[in-house]
Amino acid sequence: TFKIQSPSSEMSSASTHLLRKGLPYLTTISQNPHAPIAKWILTCGGVVATIVHVGGVTRLTKSGLSMTDWKPLGSLPPLSLDEWNAAFDRYKTFPEWEQRRSMSLDEFKSIYYWEWGHRMLGRTAGVVFALPWA
């Protein structure tokens, strides 16, 4: 039989010390001078992981290229029914439409929002990366 031993006070104080010194999100700059850089790196890594996840969903839903124009500084999605119809008509002129000819406007809105969100997340990642350098 195995006997589970409770941690000694030495072990728990060592663990507490490691948690305070080793994990930058749990420390302050006075305890760890590298904490701000580590926080920045972890945040950027988290944003990149989210971009990869959303990009995968975008690919799986065949949402890629549902936005037929590229505006480097971003833009709002269509807001009125006329704007949605214009965007949908523009999408119908691209080869991707041939794969999804039975798509309705509501389905187009769904894939459009996935693509739009992915692009906005990419822009956000750029801001998160560059802001500490400003």
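Structure shown above.
Given the structure is predicted, the values throughout are model-derived calculations rather than measurements. (Residues numbered from 1 in each chain as written. Predicted model: local features only at pLDDT ≥ 70, side-chain atom pairs only at ≥ 80, totals over all residues. Heavy atoms only, no water.)

Caption draft 1: Structural context of the pattern of salt bridges. Within this structure, the stated rule accounts for 2 salt bridges. Here Arg 101 and Glu 98 are joined by a salt bridge, their closest N and O atoms 3.7 Å apart. The same class applies to Arg 101 as to Glu 98, namely exposed. Here Glu 115 makes a salt bridge to Arg 119, at a shortest N to O gap of 3.1 Å. Within this pair, Glu 115 and its partner Arg 119 are both found in helix α5 (residues 105-130), separated by 4 residues, close to a single helical turn. Pair check on accessibility: Glu 115 and Arg 119 agree, each one buried. (Salt bridge = Lys/Arg side-chain N within 4 Å of Asp/Glu carboxyl O. Buried < 20%, exposed > 50% of the residue type's maximum accessible area, 1.4 Å probe, protein only. Helix = DSSP H or I, 4+ residues; strand = E, 2+ residues; numbered from the N terminus.)

Caption draft 2: Examining the packing of aromatic side chains more closely. All chains considered together, the criterion is met by 10 aromatic pairs. Relative to Phe 108, the ring of Trp 84 has its centre 6.2 Å away and its plane inclined at 85°; by these criteria the two rings are edge-to-face. Of this pair, Trp 84 sits in helix α3 (residues 81-91) while Phe 108 is found in helix α5, placing the two residues 24 residues apart along the sequence. Both rings, one in Phe 88 and one in Trp 97, keep their centres 5.6 Å apart while their planes meet at 85°; by these two values the pair is edge-to-face. The class of Phe 88 is buried, set by a relative accessible area of 7%. Among the residues examined, Trp 97 registers a relative accessible area of 9% and is labelled buried. (Phe/Tyr/Trp six-rings, centres within 6.5 Å; stacked < 30°, edge-to-face > 60°.)

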